[in-house]
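Structural characterization, general
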Amino acid sequence: MSRRTVALVLAAGEGTRMKSSRPKPLHHLCGRPMVIYVLEALGPDSVDATVVVVGHGATWVEKEITECATPGRRLSFVEQPEQLGTGHAVSVALPAVEEALGEGDGDVVILPGDTPLLRPGTIAALLEAHVESDAALTVLSAVVDDPTGYGRIVRAKDGSLAAIVEDRDASPEVRALHEVNTSIMVVRQSVLGPALRRVGRANAQQEYYLTDVVAVLRDMGYDTRAVVAPDPGETAGVNDRLQLAAAEKVLRRRINERWLKRGVSIWDPDNTHIDADVELAVDVSVAPGSVLKGHCVIGTGAQLGPNCVLRDVTVGERAVIGAAEGTGAVVGSEAEVGSFVVLQPGAHVAPGEVVAPFTVVGP
């Protein structure tokens, strides 16, 4: 990138529709907090640093993100004690963003912490379009069949972005539009602060809308753009348990497809659950109903299942495991573990050992 870029991830919300004491960004998908997928969409070549705005359960959120984020990622946190809207969240984080950017101008890519289906290529393309156009602000938009509840993208006659109008504040004509705001945007750092200072709260929510920055920048004479996401499904937010389950299904399909392409046999991908941090070698065979959770490491040629349930288990090369259950155990190469075996935490099955069905193996 020709300019330095800092990511600003908004993860301060409580997520009341989740009906949970767990902060919304920390709800798990395929073994990881959903906000981690947002961080991973910010590829290593896309941003120089990442600032995360926390609020509800701030200490909890910060701890889990720090523990689960990719090692080496430059991370900092800012707390938003009172949630007064997305514009307010960005304002609170501006000093940290400016510190992360250092001297000179740069870009700030702003993302919500509840969009776990984003792919790195989509963010990279957004940043590239923003730099090439030299716009002050570029929004990632999506064209959807049902735009109800989303802010609408209003374009000028020349195709540039004129405004983003929230659903509750939109006229019938604007509500009829199907291009919507994804809450993902890139803004030039030097104009972001001045624009936010002109944003008010005269809206249905009585909040500081970040989206109002578009109209403010237009009034200031700056160019603002919108880039349509190639797959609107990538931009979907997760606000309740139904949407969480839908996102989990998509991510599981992606994980299984990735392993199939790498030489793993998955007999029935729709009925096989493999968490994001599982490691599988080539020629591993996973039968239907199997569940691999946490950080399992499965060696070359191992055969699992059907209905095998493992969490944080290491399995050696060419080992065979039936409908067994294990947690925090080690199974040696060419060992055989029969069905209905329980491998307790710390259990160790020696290479070549045969464990009969209905056996409990302790440490």
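Presented here is a report on the structure given in the accompanying data block. Sequence order as written defines the numbering, with residues in each chain counted from 1. The predicted origin of the model limits local features to residues at a pLDDT of at least 70 and limits the giving and counting of side-chain atom pairs to 80 or more, whereas totals for whole chains, interfaces and linings rest on all residues. Each side-chain value is worked out from all heavy atoms of the structure, with water and hydrogens disregarded.

With that settled, consider the packing of aromatic side chains. Aromatic rings from Phe, Tyr and Trp, with only the six-membered ring used for Trp, were paired whenever their centres fell within 6.5 Å, and each pair was classed as stacked if the ring planes differed by under 30 degrees, edge-to-face if by over 60, and tilted otherwise. In total, this model carries 1 aromatic pair according to the counting rule given. Ring geometry for Phe340 and Phe358: centres 5.0 Å apart, planes at 20 degrees, overall stacked. Of this pair, Phe340 sits in the loop between β24 (336-337) and β25 (342-343) while Phe358 sits in the loop between β27 (354-355) and β28 (360-361), placing them 18 residues apart in sequence. Across from the ring centre of Trp259, 5.5 Å away, lies the NZ or CZ of Arg258, which sits over that ring. By definition, being over a ring means that NZ of Lys or CZ of Arg is both within 6 Å of the ring centre and within 35 degrees of the ring normal. The ring of Trp259 is capped by Arg262, whose NZ or CZ atom sits 5.3 Å from the centre of that ring. Put simply, DSSP marks the helices as runs of H or I at least four residues long and the strands as runs of E at least two long, and each gets a number from the N terminus on.

To continue, consider the packing of helix α3 (residues 86-101) against helix α6 (residues 189-196). The geometry of α3 relative to α6 is characterised by a closest axis approach of 10 Å and an angle of 150 degrees between their N-to-C directions. Considering the angle they form, α3 stands roughly antiparallel to α6. Read as a crossing pair, α3 and α6 show a hand that is left-handed. Where α3 abuts α6, its residues Gly87, Val90, Ser91, Leu94, Glu98 and Leu101 lie against Gln189, Leu192, Gly193 and Leu196. Three classes are used: nonpolar for Ala, Val, Leu, Ile, Met, Phe, Trp, Tyr, Cys and Pro, charged for Asp, Glu, Lys and Arg, and polar for all others, with Gly counted as polar. Partitioning the contact of α3 with α6 into residue classes produces 5 nonpolar, 4 polar and 1 charged. Lines are fitted to the C-alpha atoms to define the axes, a helix being fitted only along its stretch in contact, and any angle between axes, read from their N-to-C directions, falls within 0 to 180 degrees. The scheme is simple: roughly parallel for angles under 35 degrees, roughly antiparallel for over 145, roughly perpendicular for 65 to 115, oblique for anything else. If you view the pair so one helix is near and one far, a crossing is left-handed when the near helix is turned anticlockwise from the far one by less than a right angle, and right-handed when it is turned clockwise. Residues are treated as being in contact if the distance between any of their heavy atoms lies within 4.5 Å.

Turning to the nonpolar core, a few remarks are in order. By convention a nonpolar core is built from buried Ala, Val, Leu, Ile, Met, Phe, Trp, Tyr and Cys residues, the set being connected through side-chain atoms within 4.5 Å. Between buried and exposed lies partly exposed: a residue is buried under 20% and exposed over 50% of the maximum accessible area for its type, with that area taken using a 1.4 Å probe on protein chains only. The biggest cluster of nonpolar side chains holds 42 residues, and the ones touching the most others in it are Leu280, Leu310 and Ile321. Secondary structure elements with two or more residues in this core: α1 (34-41) and α8 (241-261). Tallying contributions element by element places α8 first for this core, with 5 residues. In this structure, Leu280 is in contact with Trp259, Val264, Ile274, Leu292 and Ile298, ignoring residues within four places of it in sequence. Within the second largest apolar cluster, 37 residues are counted, among which are Leu8, Val213, Leu217 and Ala226.

Attention shifts here to the sheet that holds strand β13 (residues 273-274). Sheets are built from strands that pair by backbone hydrogen bonding, the pairs being arranged parallel or antiparallel. A strand pair is defined by DSSP finding two or more bridges across the two strands. Read across the open sheet, the 6 strands follow the order β13-β16-β19-β22-β25-β28; overall the sheet is parallel. The two strands at the open ends of the sheet, each matched to only one other strand, are β13 and β28. In the sheet, strand β19 (residues 309-311) pairs with strand β22 (residues 325-327) via 3 bridges, with the strands oriented parallel. For Val309, the partnering residue across the bridge sits in β22 and is Glu325.

As a further point, take helix α2 (residues 58-68). Listed in full, the buried residues belonging to α2 are Ala58, Val61, Glu64 and Ile65. The arc that holds the buried residues of α2, viewed along the axis, is 140 degrees, so those residues lie on one side. In α2, the exposed positions angled more than 90 degrees off the buried face are occupied by Thr59, Lys63, Thr66 and Glu67. Where α2 is buried, its residues contact β1 (4-11), β2 (28-29), β3 (32-33), α1, β4 (49-54) and β5 (75-79). Note that the arc is defined by the directions from the helix axis to the C-beta atoms.

In the segment running from Gly305 into Pro306, the intervening peptide bond is cis, with an omega of 5 degrees. Secondary-structure assignment places Pro306 in the loop between β18 (303-304) and β19. Unlike most non-glycine residues, Cys30 shows phi in positive territory, near 50 degrees. Topologically, Cys30 is positioned in the loop between β2 and β3. Of the residues examined, Cys30 reaches a relative accessible area of 2% and is grouped as buried. A positive phi angle, near 60 degrees, is found at Arg318, a position not held by glycine. Relative to the elements of secondary structure, Arg318 occurs in the loop between β20 (314-315) and β21 (320-321). What makes Arg318 partly exposed here is its relative accessible area of 43%.

With that out of the way, let us pick up the state of the cysteines. To count as a disulfide, a pair of cysteine sulfur atoms needs to be within 2.5 Å. All chains considered together, the criterion is met by 0 disulfides. This cysteine, Cys30, is not joined by any disulfide, and Cys296 carries the nearest cysteine sulfur, 14 Å off. With no disulfide partner, Cys296 has as its closest neighbouring cysteine sulfur the one in Cys308, 8.3 Å distant. Judged by relative accessible area, Cys296 falls into the buried class, the value being 0%.

Further remarks concern the pattern of salt bridges. Salt bridges are counted wherever a side-chain nitrogen of Lys or Arg sits within 4 Å of a carboxyl oxygen of Asp or Glu. Counted under the stated rule, the structure contains 16 salt bridges. Of the charged contacts in the structure, one is a salt bridge between Lys63 and Glu67, with a shortest N-O distance of 2.7 Å. Remark: Glu67 and Lys63 occur in helix α2; sequence separation between them is 4 residues, near one turn of the helix. Exposure remark for Glu67: the relative accessible area of 53% places this residue in the exposed category. Note that Glu257 and Arg253 form a salt bridge whose closest N and O atoms lie 3.8 Å from each other. You can see Glu257 and its partner Arg253 sitting in helix α8, 4 residues apart, about one turn around the helix. Looking at Glu257, the relative accessible area reads 37%, which means it is partly exposed.

Take it as geometry only, folks, not as evidence of what the structure does.
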